[in-house]
Amino acid sequence: MPIAVRDVLSLALVSITLAHPCAAQAPPVSDADLAKLRMEVGQSLDRRYAAAGRRVDLAIYDMEELARQGRPASPAVVKRARLADGALRARWLGLEERRKAVFARVAAIPPVGDHVLTIDDLDVGSGDGGWVGLRSAKVEWPGGMAVELPIASFRNAAVVKGYEYHVTPAADAVFVYGKPNPRNTLLAGFNAPAGAAGAPRLILSGLDDDTPGIVRIRIAVDGHAVFEGPNPFRDNAWTEAVVPIPVDALAGAPPRDEAARTVAAEMMALRESTDEFGRWADGVADRIDATTAAARLGLRWKPMKAEPDFWQRHFLRGVCYVPFEQELTHHFRSFRHLGANMLYSYSGIYRKRYTVSQTLAAAHAVGIPYVQFLKDLTGTKGNNLGLGDPAGTVRRVRAFGREVAGKRGAPVNIAVDEPAFRDDIAADPNVLRDFRRYMDGRRAALTAAGIAVPAKPTPVLKPTSDADRPLWMEWQCFKRVELASHLRALWDGLQKDGAFPFVITQDLLSYFPQMASHVTIGRALPMISNDLYSNGAVREAFVMDMQRNASNGHAILTAGAGYSDKSPSRFRRSMAVGMAHAEGVLQWTDVYFDKYRDAAVFWSTANDDQGRDILTNWDPRYWSIMEQEYSRMARADRYLVGVKSTAAAAVLFSERTSISDTAGDPTAYVNGVLGVYSDLLRRSRPLDACFIEALSPEQLKRYRVLILPDARVIAPADAETLRRWVKSGGTLISTANASTCDQWGRPRAKAMLADVFGPLAAGQAGESGVVEHAYGRGKCFVFTDSGIGARLSGPSAKSGLYGAGRPQVTKALAALVDSAAGASAVRLRAPIDGMEMQVLRKGDAYVVHLVDWFDGRTLRGAELKISLPGRWRVRYPTDGSLAAQTGGVIAVRPFAVHEMLVIEPA
């Protein structure tokens, strides 16, 4: 902290403690003073703990390496080191709780001004909850006198520059989040203009979040509520709202200076306690170094041996490394301690002093396979992926990989993070050339459909009428194909060097799925990952299920650590989703799950890139959860890869419908299908989710029932696939609006699947009628209205599931699915609401995953029933223990979030 700030604070504190009558003359403590002191206290606390704790960790990691080499240290020495680690943690946690309490009081200090405007987000969730954005605020008095409240003046918030996610125009904005996020209250001070009189009004321009439901807020002036209820803003447009302010609400802001000086004194006292802790912690580390020195003398670490195809043989347990203040030896040995089998590195991006070669050497020292983040594949602006020039892209990326490898010669895998084909490269000559080649291949089919194609077509970037839709849709489909082909060329090129591109796509289903198609990229690559930062909500299972079923290879869940998962149970659930629905988990990023909070990150800035309090992204419990969960994954490894679903029912999602809807708003369709999936998943019966465009003959043979809600836009080939499946004995449950558009999104005179649906009777207003129709050896049940998955809210405060839909619809849908799907070979004797059950196969073994979608509970009393001939042995592969069973009934032990069982022939 600058000396000047210390002097100001010291003068203020002396005035308070020695002479109360002089407190009024004490120098004021400004927001800037408090911010600087806050940073010093926080950084000091974290650095003193990390300095000692890492030394103790290194002793523990060395003794783990000794055990791996067959030279275990004395149990007493190991125990002493672990007790020291626990003692350091416990004492630091006491200071951390004290810090949080003091810093919470800093946030409550009134801002400078005669009056205070307060905006509270009343939503209660697991950290983020729903949010409300604000781009302008003004208080206006009768007669036109007004005062603007600059966005940057709001306390407990950060300005997000040029916010444009799903809205226009782009605008600087601040956001208020749901409880218990510290950013659930915005404060701004203001002064009334001289001569202002009468009852003013508050004029706001804001935005509701894009999830179902409307976030509730409270607006107050000087502590007097002037509005409370659902916020008045739309979720896809900046909306102006006017709130009257009664004259008697302008009571004046509470005093500020005394509160600021009191909190400053508390922070100074905490700083002294931190120094005392640091001296004690250094002594603890000195004693552990001395105690373990003899055992560690002469130890040389042996790198673990990783197979070139490790990601095919094993469940991927990846960690993302972002270099800030970490000491490389400690940090990479901590990854080995976790059991990570892949390292995704951002070296060379955030802190230049940590070079790629240094990081690569540290990774090789412990033997963890390495993936290097490459921000730009071309080195040029605009077309940063090099689309239209795959050969050039491959050449540049291979040269980069070889340069990084250097004399070591080991292959360097390259990360391709969030690739997207955006419209702003439509005029790129190489891209335009490829588009015209694509259209030449489509010309005959389009002409046969009565669609004129220019001799030299150019992309239609925005449809203005139904006449534009075919060529607009063809441009979207071209983007799907071009990006997938480009990434495949990159894969094949890197394979020549014994390396691969690690591709992480985004979940764009609700926005622009054509920019990075789950379907085409999944088919093109032997491995693909998705960053599904959904706070441990059901969307993660839904998208990973579809990605795994669409892919020819391995599908990996990239979880958002504390950046996304806002509580320990949500953090665990994201990893449980990976175990039940994917072939691996990559945690992004170590900054948010590391054992030590990085002082260079969490105190130099108060916010993450979403404007949220960055401190809420890290929790001291996340490191121990990583230790536990990655250990469970390692022990269950052989039953987490090479497995196949046994589900007889699947919810179908149409990527083509979602793409077509991007001409308007695809959110309603995506949320509707997700709502159906959520309703069925929570009933403890095996369930899949699949893209219609990726259904394989092998999958279709397994399914007895398919659910097709609101898929209006379907390609003729996909409609024919469903028709043949029903005709051969399948049961299709659909809505009447399915296939009512052609493949380009234009309305049809009758549904493409009209023959499968049969005659439809109109449902009563506000209700769902269901029509049954026999078709070949199969059946079709049609809900006569649409939106059977619609609901008023998204994931709730206590659950990662979507809120309830219409009871009569969900009940009818569940009954139809149960009747058609039949009994599973392994099932629960009594379903548990909110608990997912998946049954997979690997060889002769059945692999059962139980995932609890409710937060904070322990499930007891679950019983599995095995309806299979012969004798079966049941065990928990995450620790090797046997499960209790009587006859064909297995009593599942109590568990929280996730349990896994393997049933094998005895």
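Rules behind the numbers
Residues numbered from 1 in each chain as written. Predicted model: local features only at pLDDT ≥ 70, side-chain atom pairs only at ≥ 80, totals over all residues. Heavy atoms only, no water. Phe/Tyr/Trp six-rings, centres within 6.5 Å; stacked < 30°, edge-to-face > 60°. Helix = DSSP H or I, 4+ residues; strand = E, 2+ residues; numbered from the N terminus. Buried < 20%, exposed > 50% of the residue type's maximum accessible area, 1.4 Å probe, protein only. Lys NZ or Arg CZ within 6 Å of the ring centre and 35° of its normal. 1 Å grid on protein atoms, 1.4 Å probe; cavity = no way out; pocket = protein on both sides within 12 Å on 5 of 7 lines; lining within 4 Å. Points joined across faces, edges and corners; volume = space filled by probe spheres on them. Nonpolar A, V, L, I, M, F, W, Y, C, P; charged D, E, K, R; others polar. Pairing = 2+ DSSP bridges. Axes fitted to C-alpha atoms, helices over the stretch in contact; angles between N-to-C directions. Core = buried A, V, L, I, M, F, W, Y, C linked by side-chain atoms within 4.5 Å. Contact = heavy atoms within 4.5 Å. Polar contact = N/O pair within 3.5 Å; in protein donor to acceptor, adjacent residues only side chain to side chain. Lys, Arg positive; Asp, Glu negative; His and termini not counted. Salt bridge = Lys/Arg side-chain N within 4 Å of Asp/Glu carboxyl O. Parallel < 35°, antiparallel > 145°, perpendicular 65-115°, else oblique. Left-handed = near helix turned anticlockwise from the far one by under 90°.

### Focus on the packing of aromatic side chains
On inspection of all chains with the given rule, the structure shows 39 aromatic pairs. An angle of 35° between the planes, with centres 5.0 Å apart, marks the rings of Phe 653 and Tyr 669 as tilted. With Phe 653 in strand β22 (residues 649-653) and Tyr 669 in helix α19 (residues 667-681), the pair connects residues that are 16 residues apart, well separated along the chain. Taking relative accessible area as the criterion, Phe 653 reaches 0% and is therefore assigned buried. A relative accessible area of 5% places Tyr 669 in the buried class. Positioned over the ring face of Tyr 846 is Arg 841, at 4.2 Å from the centre of the ring.

### Thoughts on the layout of surface pockets
Size it by volume and the second largest pocket reaches roughly 1,300 Å³. Residue lining of the second largest pocket: 46 residues in total, with Arg 38, Phe 103, Pro 182, Asp 613 and Leu 615 positioned closest to the centre. Looking at the lining of the second largest pocket, the elements that each hand over two or more residues are α2 (31-68), α3 (75-107), β2 (124-127), β8 (185-190) and α17 (621-635). The greatest single-element share of the lining of the second largest pocket, amounting to nine residues, is contributed by α3. Considered class by class, the residues forming the lining of the second largest pocket number 21 nonpolar, 11 polar and 14 charged.

### Considering the sheet that holds strand β29 (residues 835-842)
Taking strand neighbours across the sheet as the criterion, the five strands line up as β21-β29-β30-β35-β32 in an open arrangement whose pairing is antiparallel. Sheet topology places β21 (644-645) and β32 (872-875) at the edges, where each strand pairs with a single neighbour. As paired elements, strand β30 (residues 845-852) and strand β35 (residues 898-905) share six bridges and run antiparallel to each other. Looking across to β35, one finds that Tyr 846 is bridged to Ile 903.

### Some thoughts on the sheet that holds strand β13 (residues 316-321)
Sheet architecture is closed into a barrel: eight strands sit in the order β13-β14-β15-β16-β17-β18-β19-β20, paired in parallel fashion. Taking each pair of neighbouring strands and ignoring which way they run, the sheet shows an average axis angle of 25°. Here strand β18 (residues 527-531) pairs with strand β19 (residues 554-559) via five bridges, running parallel. Note that in β19 the partner of Ser 529 across the bridge is Ile 556.

### Quick look at the nonpolar core
Residues Tyr 344 and Phe 502 are the most contacted members of the largest nonpolar core, which totals 154 residues. Counting residues per element, this core draws most heavily on α2, which supplies 13 residues. What Phe 502 contacts, discounting residues up to four positions off in sequence, is Leu 316, Met 342, Tyr 344, Val 371, Ile 414, Ala 415, Val 416, Met 527, Ser 529, Ile 556 and Leu 586. One finds Leu 532, Val 577, Val 676 and Val 782 within the second-largest nonpolar core, a separate group that totals 75 residues.

### Section: the environment of Asn 181
By the element assignment, Asn 181 lies in the loop between β7 (179-180) and β8. A polar contact is formed between the side chain of Asn 181 and the backbone nitrogen of Arg 183, at a distance of 2.8 Å.

### Describing helix α6 (residues 328-338)
Buried residues dominate α6, accounting for nine of its 11 residues. Within α6, burial applies to Leu 328, His 330, His 331, Phe 332, Arg 333, Ser 334, Phe 335, Arg 336 and Leu 338. Where α6 is buried, its residues meet α2, β13, β14 (342-345), α7 (356-366), α15 (590-593) and α17. Two residues or fewer after α6 comes Gly 339, characterised by a positive phi angle close to 90°.

### Section: the environment of Phe 781
Structurally, Phe 781 can be placed in strand β27 (residues 778-783). Along the primary structure Phe 781 and Gly 758 are separated by 23 residues, whereas in three dimensions their C-alpha atoms are 9.5 Å apart. The residues touching Phe 781, leaving out its near neighbours within four places in the chain, are Thr 731, Leu 732, Ile 733, Ser 734, Val 770, Val 771, Glu 772 and Leu 816.

### Here's the deal with the side chain of Asp 208
Structurally, Asp 208 is set in strand β9 (residues 201-208). Of the side chains with opposite charge, Arg 234 comes closest to the buried, unpaired Asp 208, at an N-O distance of 9.8 Å. A polar contact is formed between the side chain of Asp 208 and the backbone nitrogen of Val 215, at a distance of 3.5 Å. Apart from the residues within four sequence positions on either side, Asp 208 is in contact with Trp 131, Val 132, Gly 213, Ile 214, Val 215, Asn 231, Phe 233, Arg 234 and Asp 235.

### Here's the deal with empty space enclosed by the protein
Over the atoms rolls a probe the size of a water molecule, and its path tells where empty space is left. For the coordinates displayed, the defined rule picks out two cavities of 30 Å³ or more. What the largest cavity holds in volume is close to 40 Å³. Forming the boundary of the largest cavity are Ile 119, Val 132, Leu 134, Val 176, Leu 186, Leu 204, Ile 217 and Phe 233. For the lining of the largest cavity, the per-class residue count stands at eight nonpolar, no polar and no charged. Computed from the structure, the second largest cavity encloses a volume of approximately 30 Å³. Every residue lining the second largest cavity is listed: Trp 131, Tyr 163, Tyr 165, His 166, Leu 207, Asp 208, Asp 210 and Asp 235. Across the lining of the second largest cavity, the residue classes break down as four nonpolar, one polar and three charged.

### Comments concerning the packing of α6 against α7
Each pair of packed helices gets described by two things: the angle between the helix axes and the distance between those axes. Interaxial distance between α6 and α7 falls to 9 Å at its minimum, and their mutual angle equals 45°. It follows from the interaxial angle that α6 and α7 lie oblique. You can see that α6 and α7 cross each other, and the crossing is right-handed. Packed against α6, whose contacting residues are Leu 328, Phe 332, Arg 333 and Arg 336, the element α7 presents Gln 358, Thr 359, Ala 362, Ala 363 and Val 366 at the interface. Taken together, the residues that form the contact of α6 with α7 break down as five nonpolar, two polar and two charged.

### What to know about unusual backbone geometry
Residue Pro 169 follows Thr 168 across a cis peptide bond; omega there is -5°. On the secondary structure map, Pro 169 appears in the loop between β5 (160-163) and β6 (171-177). With omega at 5°, the peptide bond leading from Trp 588 into Thr 589 counts as cis. Relative to the helices and strands, Thr 589 is located in the loop between β20 (584-587) and α15. Positive phi, normally seen in glycine, also occurs at Asp 710, with a value near 65°. Mapping Asp 710 onto the fold places it in the loop between β24 (705-708) and α21 (716-727). One non-glycine residue, Val 897, lies in positive phi territory at about 75°.

So, to be careful, I would describe these as geometric facts and stop short of saying anything about function.
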